[in-house]
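Structure at a glance
Read off the chains here:
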Amino acid sequence: MIELSRQYGRYGYRRIAALLREAGWQVNDKRIERLWRREGLKVPQKQPKKGRLWLNDGSCVRLKPKCRNHVWSYDFVHHRTDDGRVFRTLNLIDEFTRECLEMRVKRKLNSTDVIDALTDLFILRGIPAYIRSDNGPEFVAQAVRDWIKAVGAKTAYIEPGSPWENGYCESFNARFRDELLNGEVFYTLKEAQIIIEQWRQHYNTKKISDTITINIISNLAPTSTIVF
């Protein structure tokens, strides 16, 4: 338990308990909570609840994803290696499944890199109906817009100064920074690429299973009864 808490520093006792059960330990959340507190481990502070953000046109949700490959979104995150040099990650997610499809890590990323990343994913995953992004120059470049249109997808740019309209990607980026970037020192770009890809794979295998479970529970009919 202690080793897992070191490895996944932002996990609370419930997630640690789930990892232990996956590894074959017969433990429940209550037992892990008691051990967690006995060892003096700190439970991450709960995030405050967020209210709905209403748009000027009176709508509450814009282009809500309805199925896999309906809406993808992408954004950049900036960080530095230990020598102070900047690198960027291009993070691309499927908003419906919450899967992170790509995390491209380079010192510099431009519109050509955006097209290259999308090309690879279109071949592997198919073409989404929409691609959501902010109005960064790499995303609004005419070459990117023309190419996305040519393959049959549509762009969905958010309003300037309204990052909440790209909420799925913003939430992912915050988790990425909180769980990995804030606790790691990258000495080289290659090291950053390897560790970030490992984190992406962990996110997809562990976090996505949680989302699937929640979706299954939320889709259960409220009138369902259990017959003994």
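Residues numbered from 1 in each chain as written. Predicted model: local features only at pLDDT ≥ 70, side-chain atom pairs only at ≥ 80, totals over all residues. Heavy atoms only, no water.

What to know about unusual backbone geometry
For N69, which is not glycine, the phi dihedral falls at a positive 65°. Residue placement: N69 occurs in the loop between helix 3 (29-38) and strand 1 (71-80). Among the residues examined, N69 registers a relative accessible area of 15% and is labelled buried. Notably, R98 is not glycine yet its phi reads approximately 65°, a positive angle. The topology assignment puts R98 in the loop between strand 2 (86-94) and strand 3 (100-106). (Helix = DSSP H or I, 4+ residues; strand = E, 2+ residues; numbered from the N terminus. Buried < 20%, exposed > 50% of the residue type's maximum accessible area, 1.4 Å probe, protein only.)

A look at the confidence of the model for the protein chain
Should pLDDT be low for a region, the predicted coordinates there are not to be read in detail. Taken as a whole, the protein chain shows an average pLDDT of 81; of its residues, 77% reach a score of 70 or greater. In the model, residues 221-228 has pLDDT below 50 throughout and makes zero contacts with residues more than four positions away in sequence or in other chains. (pLDDT = per-residue confidence, 0-100. Contact = heavy atoms within 4.5 Å.)

With respect to the environment of W199
Along the chain, W199 turns up in helix 8 (residues 189-218). On the accessibility criterion, W199 (8% relative accessible area) is buried. Counting along the chain gives 96 residues from W199 to M103, while the straight-line C-alpha distance between them is 9.9 Å. Apart from residues lying up to four places away in sequence, W199 is in contact with M103, F172, R175, F176, E179 and L180.

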